[in-house]
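Chain by chain, the residues:
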Amino acid sequence: MKTVITFGTFDVFHIGHLNILERAATYGDQLIVGVSSDELNYSKKNRYPIYSERDRVKIISGLKCVTSVFVEESLELKLEYIKKYHADILIMGDDWQGRFDWVKPACEVIYLPRTPSISTTEIIEIAKNR
Ligand code: C2G
């Protein structure tokens, strides 16, 4: 049984999010997703997500390709989460290229190409200007 783990905020869920989760799932038998907490998001981006942590967890949990979801409280806890969920592969989009190579002694790390031309930030900007 091969376990894939991935992480993200998945705020204002869009096709880029679905693409990476569906692709990540094909690398193993089960896909575990760490959804960044509201507080982690605030500390990274200086703003709270549009969708609450509870709603983001519910959206990701409802996807066919996702086996289970937990709340990611800190970027530095990656290794602990990998061990806790017995993950064999960590998959992230390539905007994180190289950033999580430090977990390589514990599991394989793969960065997949991002879906071009879509991001939560762009969606928010477009919606603001409508
Ligand atoms: N993504 C993608 N294509 C896009 C937008 C996002 O493939 N057009 C991917 C990102 O590369 C990431 C995942 O979707 O792997 C989630 O993206 P975000 O919600 O932006 O996550 P982020 O805020 O980068 O949080 O521990 C890591 C963090 O929790 C990641």
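Residues numbered from 1 in each chain as written. Predicted model: local features only at pLDDT ≥ 70, side-chain atom pairs only at ≥ 80, totals over all residues. Heavy atoms only, no water.

Caption draft 1: Spatial organisation of unusual backbone geometry. Even without a glycine there, the phi angle at Phe 10 is positive, about 55°. Judged by relative accessible area, Phe 10 falls into the buried class, the value being 6%. Within the chain, Asn 46 stands out as a residue other than glycine whose phi angle is a positive 65°. Within the secondary structure, Asn 46 sits in the loop between α2 (38-45) and α3 (53-61). (Buried < 20%, exposed > 50% of the residue type's maximum accessible area, 1.4 Å probe, protein only. Helix = DSSP H or I, 4+ residues; strand = E, 2+ residues; numbered from the N terminus.)

Caption draft 2: View of a nonpolar patch on the surface. On the surface, Ile 50, Tyr 51 and Ile 59 cluster together into a nonpolar patch covering about 250 Å² of accessible area. One can find Ile 50 in the loop between α2 and α3. (Patch = residues over 30% accessible without salt bridge, like charges linked within 9 Å, V, L, I, M, F, W, Y side chains within 5 Å. Areas by Shrake-Rupley, 256 points an atom, 1.4 Å probe, with all protein chains shown as cover. Salt bridge = Lys/Arg side-chain N within 4 Å of Asp/Glu carboxyl O.)

Caption draft 3: Focus on the site of the ligand. Close to the ligand lie 21 residues, the nearest being Ser 36, Glu 72, Lys 78, Asp 95 and Ile 118. Within the backbone of Phe 10, an N or O atom sits 2.8 Å from an oxygen atom of the ligand. Protein chains bury 95% of the 630 Å² of accessible surface belonging to the ligand in isolation. Mapped onto the shell around the ligand, the elements with two or more residues apiece are β1 (3-8), α1 (15-25), α2 and β4 (89-93). For the shell around the ligand, the leading source of residues is α1, giving three residues. (Near = heavy atom within 4 Å. Polar contact = N/O pair within 3.5 Å; in protein donor to acceptor, adjacent residues only side chain to side chain.)

Caption draft 4: Spatial organisation of the pattern of salt bridges. Within this structure, the stated rule accounts for six salt bridges. Across the pair Arg 114 and Asp 95 runs a salt bridge whose closest N-O atoms are separated by 3.0 Å. With Arg 114 in the loop between β5 (108-112) and α5 (120-128) and Asp 95 in the loop between β4 and β5, the pair connects residues that are 19 residues apart, well separated along the chain. In this structure, Lys 104 and Asp 101 form a salt bridge, with 3.9 Å as the shortest nitrogen-oxygen distance. The exposure class of Lys 104 is partly exposed, given its relative accessible area of 46%. Given the relative accessible area of 29%, Asp 101 is considered partly exposed.

Caption draft 5: Looking closely at the UniProt feature "domain: Cytidyltransferase-like" (unreviewed entry) in the chain. Mapped onto the present numbering, the UniProt feature "domain: Cytidyltransferase-like" (unreviewed entry) falls at residues 5-125. The distance from the first to the last C-alpha atom of residues 5-125 is 30 Å, and the span holds 34% helix and 21% strand. (UniProt positions renumbered as here; feature names shortened; annotations may be inferred.)

Caption draft 6: Representation of the state of the cysteines within the structure. According to the stated counting rule, one finds zero disulfides in the structure shown. Left without a disulfide partner, Cys 65 is nearest to the cysteine sulfur of Cys 107, which lies 19 Å away. (Disulfide = S-S within 2.5 Å.)

Caption draft 7: Representation of the sheet that holds β4 in the model. Here we have five strands laid out as an open sheet, ordered β3-β2-β1-β4-β5, and parallel in their pairing. A single partner strand is all that each edge strand has here, and the edge strands are β3 (68-72) and β5. Neighbouring strand axes in the sheet, compared pairwise and without regard to direction, differ in orientation by 25° on average. Bridge count for β4 against β5 is five bridges, and the pairing is parallel. By the bridge assignment, Met 92 is partnered in β5 with Tyr 111. (Pairing = 2+ DSSP bridges. Axes fitted to C-alpha atoms, helices over the stretch in contact; angles between N-to-C directions.)

Caption draft 8: Highlighting the side chain of Thr 120. Along the chain, the position of Thr 120 falls in helix α5. Relative accessible area serves as the criterion here: at 11%, Thr 120 is assigned to the buried category. Here the side chain of Thr 120 touches Asp 11 through a polar contact of 2.7 Å, landing on its backbone oxygen. Each residue touching Thr 120, except ones within four places of it in the same chain, is listed here: Asp 11, Val 12, His 14 and His 17. (Contact = heavy atoms within 4.5 Å.)

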